Amino acid sequence: NMIFIATGAFQELFDQKEEKTIGFETSTKQTSNNDKKRNITGNDLVKYGIKKESIGRLPIIVELNSLTKEIFKEIILESDESELLRTIDALDILNVEIENLDEVIDILVEDALTKKIGARGLVFTINNIFEEIFYEIGNNPAVYEKVIIGKNIIENPYDFELVERRTKKRVKVKKDN
């Protein structure tokens, strides 16, 4: 008496011209209960690259709506598995706070929406954003009290400033990529 649920974002399943997707929709239009159900078959999944043996064990196929900005924010701020909350806790242990946390959350949400890989991509992005920050703070423990993350942190991992504890002096980390 077990049930297995397999989920994922399969946006390349159909060509853009066919306007069919499985997983998270790529269009901005959200389906309602009145919309016609799409007929995604096991053969469609096999053509996509999933093994027939796996499809045979998945008798029900359901398309999900895409994640919205609000849902991404909820995942980031309220999930027990939130990588950002873990990162904030780690910074708290070091007595360092993120000064512009709301902006950082917006950056994460926009990146996740752009990448179209669902919430799973948040862990990778958050780890990449904070790798250099933790490196600098770790090499200078008890020196910094705040980190200010720049708007281009996704493209440039050095787009952040550290504020020192005693002097309140801002330190811009400059390194070549």
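Computed from a prediction, not measured in an experiment: that's the story for all the values here.

A word on the overall build of the protein chain
Right, on to step 1. Per the secondary structure count, the protein chain includes six helices and four strands.
Right, on to step 2. With 177 residues in all, the protein chain has 32% of them scored as buried.
Right, on to step 3. In the protein chain, the share of contacts with a sequence separation of at least 24, taken over all contacts with a separation of at least 6, comes to 51%.
Right, on to step 4. Carbon and sulfur atoms make up 50% of the accessible area of the protein chain, which amounts to about 12,300 Å² in all.

Considerations on the sheet that holds strand S3 (residues 160–164)
Right, on to step 1. One open sheet accounts for four strands, arranged S1-S2-S3-S4; its pairing is mixed. Because the sheet does not close on itself, it has two edges, and the strands there are strand S1 (97–98) and strand S4 (170–172).
Right, on to step 2. One ladder, built from two bridges, connects S1 with strand S2 (residues 144–149); its direction is parallel. Following the sheet pairing, Ile98 is matched in S2 by Val147.
Right, on to step 3. Packing of helix H6 (residues 121–139) onto the sheet brings it into contact with S1, S2 and S3, and relative to S2 it is tilted by some 155 degrees.

Focus on the side chain of Glu83
Right, on to step 1. With respect to the element layout, Glu83 can be found in helix H4 (residues 83–93).
Right, on to step 2. Judged by its relative accessible area of 16%, Glu83 falls in the buried class.
Right, on to step 3. In contact with Glu83, other than residues within four places in its own chain, are Val123, Ile126 and Asn127.

Re unusual backbone geometry
Right, on to step 1. If you check the backbone angles, Asn95 has positive phi at about 60 degrees while not being a glycine.
Right, on to step 2. With respect to the helices and strands, Asn95 occurs in the loop between H4 and S1.
Right, on to step 3. With relative accessibility at 53%, the residue Asn95 sits in the exposed group.
Right, on to step 4. For Ala142, which is not a glycine, the phi torsion comes out positive at approximately 70 degrees.
Right, on to step 5. Relative to the elements of secondary structure, Ala142 occurs in the loop between H6 and S2.
Right, on to step 6. Owing to a relative accessible area of 57%, Ala142 belongs among the exposed residues under this scheme.

Brief notes about the packing of aromatic side chains
Right, on to step 1. According to the stated counting rule, one finds one aromatic pair in the structure shown.
Right, on to step 2. Considering the side-chain rings of Phe130 and Phe134, the 6.3 Å spacing of their centres and the 50 degrees angle between planes classify their relative orientation as tilted. With Phe130 and Phe134 both in helix H6 and four residues apart, this pair spans about one turn of that helix.
Right, on to step 3. You can call Phe130 buried: its relative accessible area is 2%.
Right, on to step 4. Residue class for Phe134 comes out partly exposed when judged on its relative accessible area of 27%.

Details of the environment of Tyr158
Right, on to step 1. Relative to the assigned elements, Tyr158 resides in the loop between S2 and S3.
Right, on to step 2. Taking relative accessible area as the criterion, Tyr158 reaches 13% and is therefore assigned buried.
Right, on to step 3. Placed 27 residues apart in sequence, Tyr158 and Glu131 show a C-alpha to C-alpha distance of 9.6 Å.

Rules used in this analysis
- Residues numbered from 1 in each chain as written.
- Predicted model: local features only at pLDDT ≥ 70, side-chain atom pairs only at ≥ 80, totals over all residues.
- Heavy atoms only, no water.
- Helix = DSSP H or I, 4+ residues; strand = E, 2+ residues; numbered from the N terminus.
- Buried < 20%, exposed > 50% of the residue type's maximum accessible area, 1.4 Å probe, protein only.
- Contact = heavy atoms within 4.5 Å.
- Areas by Shrake-Rupley, 256 points an atom, 1.4 Å probe, with all protein chains shown as cover.
- Pairing = 2+ DSSP bridges.
- Axes fitted to C-alpha atoms, helices over the stretch in contact; angles between N-to-C directions.
- Phe/Tyr/Trp six-rings, centres within 6.5 Å; stacked < 30°, edge-to-face > 60°.

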